[in-house]
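Okay, here's what each chain looks like letter by letter:
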Amino acid sequence: LPTADFSSVNLYSKAGPNTWPIVLVSYIYLPKDISTWTPGKAGLLKAFMDYVTGPEGQKMLPDFSFNAIPAAMNKWSTTWGLMTKPLTAFTNFTFETSTEAWVGQGPTVISSKRTSYSMWMLEEMDIALKASMGRLSAIESSMSDFGIVPLHGSGTTNPKNWFAKAMKTMEHQARVQMMLTYRAVGSGTGQTEFVGDAASGYKAYSHYGSGDIPMSSDNFAKLASASPPRTMLHLPFALGAIGIFHGVPAGELGAAELKLDACLLAKIFSGKITTWDHADIKAQNPGISVPAGTNIKVGHRTLGSSSTGGVAGYLNKKCPTEWSLGDGATVAWPQTAGFKAVEGSPGMQAHIRDTKYSIGYLDAGHGHDFALAEVALKNAAGETRTSKASMALGGVASAGSQAISSSAFPSDATADWSAVNVYDMPGPSTWPIVLVSYLYVDKDQSSTNPKTAAALKAFIDYVLRNRDGLCEEFGFTAPSQQLKDKSLTAASTIVYPAGMQSFVFETDTDAITGMGDSVISSKRHSFDDYERSVLKEEIAKLKAAVQTGAPAGAPPAVPSEEGTDAGLIISIIAIILSALSIVLGTVALCRRPAGGAKESVALAGTTYGNTAA
């Protein structure tokens, strides 16, 4: 009977070939005596129980991951008969499931024909959700079994735009979904994340690192602490100049350029010389006419960076008597009002551009892009010129060639390269502060996720072979063929997972083969790439118009009373609006699955390299 003690009831380990051994029963607890209830309340209880235990209610259970009860267990009719009802007749509610004119409007009718906006909206949302799930399933099917291909790196800020374009190009030209990212955090942080820490067992937090300095000896030694020990490769992929830029007004220089030799620069960056009218500065720049006592405002990087290491290494090599702050990527800068810590290359650009009487160091290409005033330095041959002038004479490439000739690079790519530098190389046109950009890669990739390993191999190939000429496009100097061959030879020794399906590049039409899952094809294009190319051309025209004083594309005309500035201003506004639309379009068209990815992406604390991604 429903009124009995049910405390010992359970459905555990019941007989039957298909029964599940742990089954629970859900109950509704009711008082037997409801005689004191109002007729309406008692009637609502009956209506509710009739619905829940009846066909309509039982059909709802699977939607909430429950199972309907067998007919033999449904004791509601018996239970209602045993209950003590109110003395007066209870209200008898009825259900209208199909239209009953007049009757359906009765006060005790619960009608399926009545609805509410919230119930309608819930139903619409349910329909939309099911449709979205169907589309998602279709997308997953169309992606075949390749899934998402993740690759994540971090390191020097200098090639961030080069890497960004390379990764976006690979994503657009691949048939499969690739997710390639690079955190521009500086060479020091790039080394730290590639090496890992004691908490990770010195396993990498990135799939590869990048820096404009070799791996430090301390970090290199930590790789041996991993279990199993790690062997890394240095893969040189570019050469770049570090320039010294300043914010002294041109009208106060008294000459076309500000000249500072290494020892004078060492005194400024170590805080020994603090004003622009110092006698040592005037001795090398006799025409300088800054206000008396004008303070020098030195900008320096906050975290370890390759540009810091380049400047410190150069000063340490050229003038150790005046420079005592070491040659590392991290320097203990003076903590005085004349020194300002900035974050990353953008921070340094802003400091030099926006601060009068400033001085700082920066990847030369970035400084040239912003038309920053540059300090002329003296090279090993005694020639004084800016990095821009030196680069025009092949001075950066010359430094690299001199380094190869002098065997500055170890023959073994897995050796400790921490002592390698290309500072103050001989030659009449060489620039004295030249950095070599490296990829830091684990030689053993056999335990890496095969898809990620394939993407890493393709990215290394793309960068080392300078596909699409991106090296020069972003202001770097490509390594000599000898140094390039050295990198490619080292990359060929990387051990990849057994059975890994490598990506290949299609540059000329290869029918059928070009449609393969693992083909990165130059024949695939995206609209935002096209729009950016159009925008680039328009900006070039606008720059030409600014130089000539005529609106872009306009025929020569006699200036009106108001001049020709109005058309030029309109052109500038149009270009800016176009740029904004491209940015928004790129975000909107970015093809990233919202869920259901078959490969996980990096989360905090996830390690990469010699472990499966």
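Located above this text is the structure these notes cover.
Residues numbered from 1 in each chain as written. Predicted model: local features only at pLDDT ≥ 70, side-chain atom pairs only at ≥ 80, totals over all residues. Heavy atoms only, no water.

All told, the structure shown has 16 salt bridges when counted by the stated rule. One salt bridge in this structure joins lysine 165 and glutamate 473, with 3.0 Å as the shortest N-O distance. Here lysine 165, found in helix α5 (residues 160–173), pairs with glutamate 473, found in helix α16 (residues 470–473); they are 308 residues apart in sequence, far enough to count as distant. Looking at lysine 165, the relative accessible area reads 35%, which means it is partly exposed. Judged by relative accessible area, which is 36%, glutamate 473 ranks as partly exposed. Between arginine 465 and aspartate 461 there is a salt bridge, with its nearest N and O atoms 2.7 Å apart. (Salt bridge = Lys/Arg side-chain N within 4 Å of Asp/Glu carboxyl O. Helix = DSSP H or I, 4+ residues; strand = E, 2+ residues; numbered from the N terminus. Buried < 20%, exposed > 50% of the residue type's maximum accessible area, 1.4 Å probe, protein only.)

Residue pairs three or four apart in sequence face the same way in an α-helix, which turns once every 3.6 residues. Taken as a whole, helix α17 (residues 481–491) has its buried residues at Leu483, Ser487, Leu488, Ala490 and Ala491. The arc that holds the buried residues of α17, viewed along the axis, is 160 degrees, so those residues lie on one side. Turned more than 90 degrees from where α17 packs its buried face, Gln482 and Thr489 sit exposed. Here the buried face of α17 lies against β6 (232–246), α14 (395–405) and α15 (450–464). (Arc of directions from axis to C-beta. Contact = heavy atoms within 4.5 Å.)

Before going further, it helps to examine a nonpolar patch on the surface. Nonpolar side chains collect at one region of the surface, where Tyr51, Met60, Phe64, Phe66, Phe95 and Ile110 lie side by side and expose about 550 Å² of accessible area between them. With respect to the secondary-structure elements, phenylalanine 64 resides in the loop between α2 (55–60) and α3 (76–82). (Patch = residues over 30% accessible without salt bridge, like charges linked within 9 Å, V, L, I, M, F, W, Y side chains within 5 Å. Areas by Shrake-Rupley, 256 points an atom, 1.4 Å probe, with all protein chains shown as cover.)

Our next topic: the packing of α5 against α15. Between α5 and α15, whose axes approach to 11 Å, the crossing angle comes to 125 degrees. On the basis of their axis angle, the class for α5 and α15 is oblique. In the crossing of α5 with α15, the sense of the turn from one axis to the other is right-handed. Side by side, α5 and α15 meet where Trp162, Phe163, Ala166, Met167, Thr169 and Met170 of the first sit next to Ala455, Ala458, Phe459, Tyr462 and Val463 of the second. A class-by-class count of the residues in the contact of α5 with α15 yields 10 nonpolar, one polar and no charged. (Axes fitted to C-alpha atoms, helices over the stretch in contact; angles between N-to-C directions. Parallel < 35°, antiparallel > 145°, perpendicular 65-115°, else oblique. Left-handed = near helix turned anticlockwise from the far one by under 90°. Nonpolar A, V, L, I, M, F, W, Y, C, P; charged D, E, K, R; others polar.)

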